[in-house]
Amino acid sequence: MNKTYKLALTAMLTALSVAANFLTIPITTNNAISFTIFFAFLAGIYLGAFPAMAVGFLGDLIGHFIHPLGAYNWFMAVSYILMGLIPALIYKSKLNRLLKLIISLTVFLIVCSLGLNTFGLWLQYIVGVDPSPIGLWQFFTMDKGGIKKSFWVYLTGRAPFLLLNWAVNGILVFILQQTKLIDKLLARTANNTSKKEELQQ
């Protein structure tokens, strides 16, 4: 895959990730089904680490500026970067594709959804500090007695919704991977590009 084509695909997946922010299906006040995972995973699987990181990060950042929902959450930003990086790294292994997907989804669920995303939202909405490195410092130096709900209680309440979101996106990636639609599209595009290059020589 040449650099121009990869850049075009990165831009397209970033745009789709931004659009996915507006197609989010709300379930409760702070819980929803979001399809940004789907596009970040596709970028990681088919384009590699740096394009996938860009899709995850820019999709979230641009979506925030277009439709801000409070302060920019740095912890979720890191989560979105990892959302693309995790499958990109795992798919470099020689494991079966289905096993790669399962491992990628599991690591993403633990590190990003249950970990960074939930912690960032907990700081923002429960602790009441800015979800940034400065807010993290404030959290470690503040009196914890006024916090009404612990992180673990907050996580327990969010976990069922996170698992639902994880399952929906995982099934979509699985279907696309098993049908090999993108593989066929990329192969066809590569053949067409090769033919054009041969005609130009």
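In what follows, the accompanying structure is described.

Conventions used here
Residues numbered from 1 in each chain as written. Predicted model: local features only at pLDDT ≥ 70, side-chain atom pairs only at ≥ 80, totals over all residues. Heavy atoms only, no water. Helix = DSSP H or I, 4+ residues; strand = E, 2+ residues; numbered from the N terminus. Salt bridge = Lys/Arg side-chain N within 4 Å of Asp/Glu carboxyl O. Buried < 20%, exposed > 50% of the residue type's maximum accessible area, 1.4 Å probe, protein only. Axes fitted to C-alpha atoms, helices over the stretch in contact; angles between N-to-C directions. Parallel < 35°, antiparallel > 145°, perpendicular 65-115°, else oblique. Left-handed = near helix turned anticlockwise from the far one by under 90°. Contact = heavy atoms within 4.5 Å.

**Some details on unusual backbone geometry**
A positive phi angle, close to 60°, is found at K180, a residue other than glycine. Counting through the fold element by element, K180 comes out in the loop between α7 (151-179) and α8 (181-200).

**Focus: the pattern of salt bridges**
Enumeration according to the criterion identifies 1 salt bridge in this entry. With a shortest N-O distance of 3.4 Å, D183 and R97 are connected by a salt bridge. Placement of the pair is D183 in helix α8 and R97 in helix α5 (residues 97-127), with a sequence separation of 86 residues. We classify R97 as partly exposed; its relative accessible area is 25%.

**Some remarks on the packing of helix α3 (residues 49-66) against helix α4 (residues 74-90)**
At a minimum axis distance of 7 Å, the contact between α3 and α4 shows a crossing angle of 155°. Here α4 runs roughly antiparallel to α3, going by the angle between their axes. Regarding α3 and α4, the two cross each other, and that crossing is right-handed. On α4, the residues that touch A49, A52, M53, G56, F57 and D60 of α3 are A77, Y80, I81, G84, L85 and A88.

These values are about where atoms sit, not about what they do.
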